[in-house]
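Given next are the chains, with one letter for each unit.
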Amino acid sequence: MKDEITREERVDNLKGMGCSRKRVEDARFTQGKGNYVDDIKLDGMLFGDFVRSPYAHARVKSINKDTALKVPGVLAVLTADDLRPLGLHWMPTLAGDKQMVLADGKVLFQGQEVAFVVAEDRYAAADGIEAVEVEYEELPVLVNPFEALKSDVVLREDLVAADGSIPAGAHGPRKHHNHIFTWEAGDKDPTEEVIANAEVVAEESMYYHRTHPCPLETCGCVASMDKVNGKLTLWGTFQAPHAIRTVVSLISGIEEHNIRVVSPDIGGGFGNKVGAYPGYVCSVVASIVTGKPVKWIEDRMDNLMTTAFARDYHMTGKISATKEGKITGLQCHVTADHGGFDACADPTKFPAGFMNICTGSYDIPTAFLEVDGVYTNKAPGGVSYRCSFRVTEAVYFIERMIEVLAIKLNMDSAELRRINFIKKEQFPYKAALGWEYDSGDYHTAWDKALKTVDYDGLRAEQAQRVEDFKAGKTRKLMGIGLSFFTEIVGAGPVKNCDILGLGMFDSCEIRIHPTGSAIARLGTISQGQGHATTFAQILASEIGLPADSITIEEGDTDTAPYGLGTYGSRSTPVAGAATAMAGRKIRAKAQMIAAYLLEVHDNDVEFDVDRFAVKGAPEKFKTMKEIAFAAYNQAIPGLEPGLEAVSYYDPPNMTYPFGAYVCVMDIDVDTGVPEIRRFYALDDCGTRINPMIIEGQVHGGLTEALAVALGQEIAYDDMGNVKTGTLMDFFLPTAWEVPNYETDFTVTPSPHHPIGAKGVGESPHVGGVPCFSNAVQDAFRPFGNTHTNMPHDHWRIWRTANELGLHD
Ligand code: MCN
Ligand code: CUM
C-alpha cells in the first residue's frame, strides 16, 4: 500500500485518549438546540405542582380541595388520602428510610409537599394551589441536631413503637426518637489511648454548613402512561435512570419492561438529581389517573428549599502527634443533620458515605470515626454537590485539623503535610479506617505545587505584610491557603457498594456498523460532563475508529444497558472501564477477522492504532474500517457475523485521585472582602482522557468551592424558615468573583483500571473548599485565629477581624 499517511497522523485522526477534542455536545447547547425535560411537549399534556407547607413542623388537621377543584383548568388535587389505597403515600428513600410523598398527618420541613394540583397548564396549577385550604396546627420546631437529640418532641412518629420504644433503623439501633443511626469505623480504644498519651494533641470543632448545588436546571419530569399498551414513559432529570426505573417498578407494581425511563439533556446535576422525589411519584400517579401526560418542573425556590441539600455536618476532632510533627492518631465525631427523612444517596452500607476517608493523604496509624445521624425539621437529602459521598466533609475536616495541629506545633503546615504524607512506595496503602488506596505520589505533586507558586517567597511576603499591618502601613492581610486531598471515587466494587440492593457495576454496549462507524451505549448519564465526547475517545483508542465516527448514547433505559448512573465521579472509573473492556472484545474478534483476511494465524497480526498488521510486515494490514465491513459479509466460516460487544464492569477497587491546591488571598480587614490573587490547582486523575474537559471540570468545581467557602449557605431561622431560598439570598458566584485559575497535573495511573484512569469531576470541589477556607484562616493566624466556620462571607470575615481586635 502506498500514499500512506504517517503513523502520527493516523493517531491524530482518531482523536483518542489524551486529545483535547472539542465537545461534540456543544454544537447543540450553544445554539439553543438542547432537549431538556421542560422542552418536552406532548399532546394534551397537563401540569402538576405542589401545595407546600409554610411550616417546618405542623400537624395537618384538614385539607379542603373543593374551591381548588372549581378553579378553571384544575382537573385534580391529590393528597395522601388519595395515594394511600395505592400504597404510594410514602416511598422508600435510598438510605433505607421512608419518606412521605404527600403530607400524611404532619409535615416535617418548610416546603414539604402537601397536595399535588393537576391542571391544564402551569398557571392554572398555581391558581389551584392558592385555593387549596389546609388547616395546620403548629408543633415545636427542631433545627439544631444537638437539641433534637435531647428533645421530647418526636419528629418521626412513624418510627416509634406503640409502647414508646424505639425500633432499630436501617443502620442499627437508635439511641433516641430523633436519632437515625450511629456509624463507626476504626478502633476506638487504641485511638483514645494513643491520643491520651501523645506528646501533642490538637482539638477542634467545626461546622460544615448546609448548602445546595443549585444546578441551572431545576428537577422535573414528564410522566406518560399509555393505557392502551400498558407502557409508562418517564422523562426526567435523573442521574441514575435505570435505578429510577427499578424503583418505579418496585413501588408501583408496574412490570419493569413496561417502564421506559429517559434522561434527556440535563442542565447540571451535581448530585441534586440522584434521589427520587415526590414530584416523580405524583406525576406518574396523575398520569395514570387522568390518562394524560403530566409534567412537573420545580421553580427555583422549590429546588433550593426542598431537594437534596449538601453537608450539614458538625465535626469534632482530635489529632495527636510527636513534638516533631509525626501524626500518631486521629479521632472524629460527627453529628449529621439529615433533616426530616433520611434521604441521603449513599451506597447502602455507608450511611455517612465515605466519610471514613477522613485520614486524608496522611499515614495515620490509628484512627476512629463515629457518626450520629439525626432527624431535624429541615429538608431531606444530604449527599449532593460534587461530594463523592461526603468526601468533601472528610477532606475539609482533615485539612482543617492539619492546620490546627500546625498552629499547636508552631510549625509550617506545608512541612507538616510533607512529613506525614503516605509515601509512594507504601501504595497500595491500607488506611486505618479501612480503605485501600490504589496509587499515589503525593510528595512529587506537593513539591511541584509549592515550587510553582514559590511558596517560600509567598511566606516571606506574608511575614512582611504582617509587619506592615502592625506598623499601620496597610489594612490588608495576606492568607496562603493550602490543601492536599485524596479522593475516593468509582463506586464501586459490588462486594461493598450497592444502592437499594443493586450492585454498583456499570456497562457499555458497542455496535460497529458495516462502514466502520459505531454506536456505544452506556449505563451512565452526562449532565454536562461531556460523556459523548470523552467516551468516544476511549473507544477510538481501543478499537481504532475515529472518535468522530462513534456516537455515544446514554440515558434511555429501553436501549442502554443497565447501569447505576453518574454521580460519585464514577463514570470514568466504572463505565469508562466497561467501555475499554467492551472495546477490547471488539478488538479480539477484529483480530480473528483480520488474520483470516490476511491468511495468517491469529497470533501473527498485531494491533497498530487503526489496523491489524502482520507482525514484521507492516505493509500487510487490514484497517478497522475494512474489518468492520468484512464482519458483515465475509465473516469467518463458523463464526457469527456482526461486530458487537457488551461489558458489565465490576471494579476491583475504587480509584484514588489526588491533588495539591494553593490559594493566595488578600483580605481587607475593614470590609471583610477577600480578594483572590492566585489559585493554583494540581490534579492527578491518572490517565487523562481529555485534558480540556478535565480543565473545565476543575474550573467548575473550584468555582463551586469558592461559592461554598465564601458565602453560599442554606440557612434556617429558629422557626425552621429557609432564609436563603432565592437567588437574591443564595450566593452564586459570577465571573466577577471568580479568579483566573492555574491548572496543572501529574499522572499516577490507577493500577487496576483498564486504562489507568481515575475520576476527576468532584476533585476540585473536594480540594477547593478547604483551600479557600484555609486561605481565610491563614490570614488571621498571626493574630491568634485557630478556626472559624464557613461560609466566610464578608460579614463573617469582618467579624473575625473584629473579634481579634484588628479594628481597635
Ligand atoms: N475525564 C477525563 N479523564 C479522566 C477522568 C475524567 O477526561 N482521567 C473526563 C470524563 O471523561 C468526563 C469528565 O472528565 O467527561 C468527568 O468524569 P468523571 O470524573 O468520571 O465524573 P462523572 O462523569 O461521573 O461525572 C460526575 C461528577 C459529579 S459526581 C458531579 S457532582 C459533577 C461533576 O461530575 N456534576 C457536574 N461535574 C459536573 N460537570 C457538569 N458540567 N455538570 C454537572 O452536573
Ligand atoms: Cu456527591 S454529588 Mo455527585 O456524586 O453527583
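Scroll up a little and you will see the structure.
Computed from a prediction, not measured in an experiment: that's the story for all the values here.

Reading the values: the criteria
Each residue is numbered by its place in its chain's sequence as written, counting from 1. Chain labels run from A onward and ligand labels from 1 onward, assigned in the order the entries are written. Only residues with pLDDT of 70 or above have their local features reported here, since the model is predicted, and side-chain atom pairs are shown and tallied only from 80 upward, although totals for entire chains, interfaces and linings are computed over all residues. Working from all heavy atoms in the structure, the side-chain values ignore hydrogens and water. Being near a molecule or strand, for a residue, means having at least one of its heavy atoms within 4 Å of it. Polar contacts, as used here, are pairs of N or O atoms within 3.5 Å; protein pairs need one atom able to donate a hydrogen and one able to accept it. Residues neighboring in sequence count only if both atoms are side-chain atoms. Ten residue types, Ala, Val, Leu, Ile, Met, Phe, Trp, Tyr, Cys and Pro, are classed as nonpolar, four, Asp, Glu, Lys and Arg, as charged, and the remainder, Gly among them, as polar. To obtain an axis, a line is fitted to C-alpha atoms, over the contacting stretch when the element is a helix, and the angle between two such axes runs from 0 to 180 degrees between their N-to-C directions. Secondary structure elements are defined from DSSP: runs of H or I of at least 4 residues count as helices, runs of E of at least 2 residues count as strands, and each element is numbered from the N terminus. Should an angle lie under 35 degrees it is considered roughly parallel, over 145 roughly antiparallel, and from 65 to 115 roughly perpendicular; all remaining angles are considered oblique. Handedness of a helix crossing follows the sense of rotation of the near helix relative to the far helix, less than a right angle counterclockwise being left-handed and clockwise being right-handed. Every residue pair with non-hydrogen atoms within 4.5 Å of one another is taken to be in contact. Pairing between strands is defined by DSSP: at least two bridges between them are needed. Surface accessibility in these figures is a Shrake-Rupley result with a 1.4 Å probe; residues are shielded only by whichever protein chains are displayed. Two distance rules govern patches: like charges are joined within 9 Å, and nonpolar side chains (Val, Leu, Ile, Met, Phe, Trp, Tyr) within 5 Å, applied only to residues with over 30% relative accessible area and no salt bridge. Salt bridge, as applied in this entry: a Lys or Arg side-chain nitrogen positioned within 4 Å of an Asp or Glu carboxyl oxygen. His is not counted here, nor are the chain ends, while Lys and Arg score as positive and Asp and Glu score as negative. Working definition for charges: the position is that of NZ of Lys, CZ of Arg, CG of Asp or CD of Glu. A 1.4 Å probe rolled over the protein chains alone gives each residue an accessible area, and that area as a share of the maximum for its type sets the label: buried under 20%, exposed over 50%, partly exposed in between. For Na, K and Ca the donor cut-off is 3.2 Å; for every other metal, N, O and S atoms count as donors within 2.8 Å. Water does not enter the count, which can leave sites looking incomplete.

> Before we move on, could you go through the site of ligand 2 and cite the residues and values that matter?
Taken together, the residues surrounding ligand 2 are Gln-239, Phe-270, Gly-271, Ser-384, Tyr-385, Arg-386, Cys-387, Ser-388, Tyr-567, Gly-568 and Glu-762. Backbone polar atom of Gly-568 to an oxygen atom of ligand 2: 2.5 Å apart, as the coordinates give it. Residue Glu-762 places a side-chain N or O atom 2.8 Å away from an oxygen atom belonging to ligand 2. Class assignment for the residues of the shell around ligand 2 results in four nonpolar, five polar and two charged.

> So what's going on with the packing of helix α12 (residues 413-420) against helix α13 (residues 442-453)? Residues and values would help.
Between α12 and α13, the least distance of the axes is 10 Å, while the angle of their chain directions is 160 degrees. Taken together, the axes of α12 and α13 lie roughly antiparallel to each other. With respect to the hand of their crossing, α12 and α13 are arranged in left-handed fashion. From α12, Ala-414, Arg-417 and Arg-418 reach across to α13, where they touch His-443, Trp-446, Asp-447 and Leu-450.

> Help me get a handle on the sheet that holds strand β26 (residues 550-554), residues and values and all.
If you trace the four strands from one edge of the open sheet to the other, you get β26-β25-β24-β30, paired in mixed fashion. One side of each edge strand has no neighbouring strand; the edge strands of this open sheet are β26 and β30 (644-649). Mean inter-strand twist for the sheet, computed between neighbouring axes without regard to direction, equals 15 degrees. As defined by bridge partners, strand β25 (residues 518-522) adjoins β26 across five bridges and the pair is classed as parallel. Bridge pairing in β26 places Ala-518 opposite Ile-550.

> Tell me about the site of ligand 1, and name the residues and values.
Looking at ligand 1, there are 31 residues lining it, with Gly-269, His-531, Thr-572, Gln-697 and Val-760 nearest. Thr-534 places a polar side-chain atom, nitrogen or oxygen, 2.7 Å from an oxygen atom of ligand 1. In the model, an oxygen atom of ligand 1 is placed 2.6 Å from a nitrogen or oxygen of the Thr-572 side chain. Protein chains bury 96% of the 840 Å² of accessible surface belonging to ligand 1 in isolation. Only α15 (531-543), α16 (571-598) and α18 (691-710) provide two or more residues apiece to the shell around ligand 1. Residue classes in the shell around ligand 1 are distributed as nine nonpolar, 18 polar and four charged.

> Describe in detail a negative patch on the surface, supporting the description with residues and values.
There is a patch of like negative charges on the surface, built from Glu-120, Asp-121, Asp-127 and Glu-130. In this fold, Asp-121 is placed in the loop between β7 (113-119) and α5 (122-131). When its relative accessible area of 34% is taken as the criterion, Asp-121 is described as partly exposed.

> Account for the pairing of strand β27 (residues 605-608), with residues named and values stated.
Pairing between β27 and strand β28 (residues 611-614): four bridges, direction antiparallel. Of the residues in β28, the one forming a bridge with Val-605 is Val-614. The hairpin formed by β27 and β28 contains two residues between the paired strands, and Val-609 there has a positive phi angle of roughly 60 degrees.

> Describe the coordination of the copper atom of ligand 2, and please don't skip the residues or the numbers.
Here the protein supplies the copper atom of ligand 2 with just one donor, Cys-387 (SG), and that contact is 2.3 Å long. Examined against the element boundaries, Cys-387 turns out to sit in the loop between β18 (381-382) and α11 (391-409).

> Before we move on, could you go through unusual backbone geometry and cite the residues and values that matter?
A cis amide bond links Phe-427 with the next residue in sequence, Pro-428, at an omega value of -5 degrees. Topologically, Pro-428 is positioned in the loop between α12 and β19 (429-430). A cis amide bond, omega -10 degrees, links Met-790 with the succeeding residue Pro-791. By the element assignment, Pro-791 lies in the loop between α19 (763-780) and α20 (794-803). A positive phi angle is found at Cys-214, which is not glycine, with a value near 45 degrees. Mapped onto the elements, Cys-214 comes out in the loop between β10 (200-211) and β11 (220-226). By relative accessible area, Cys-214 is classed as buried at 7%. Phi is positive for Arg-386, which is not a glycine, with a value near 45 degrees. Within the fold, Arg-386 resides in the loop between β18 and α11. We classify Arg-386 as buried; its relative accessible area is 8%.

Keep in mind these values describe shape, not function.
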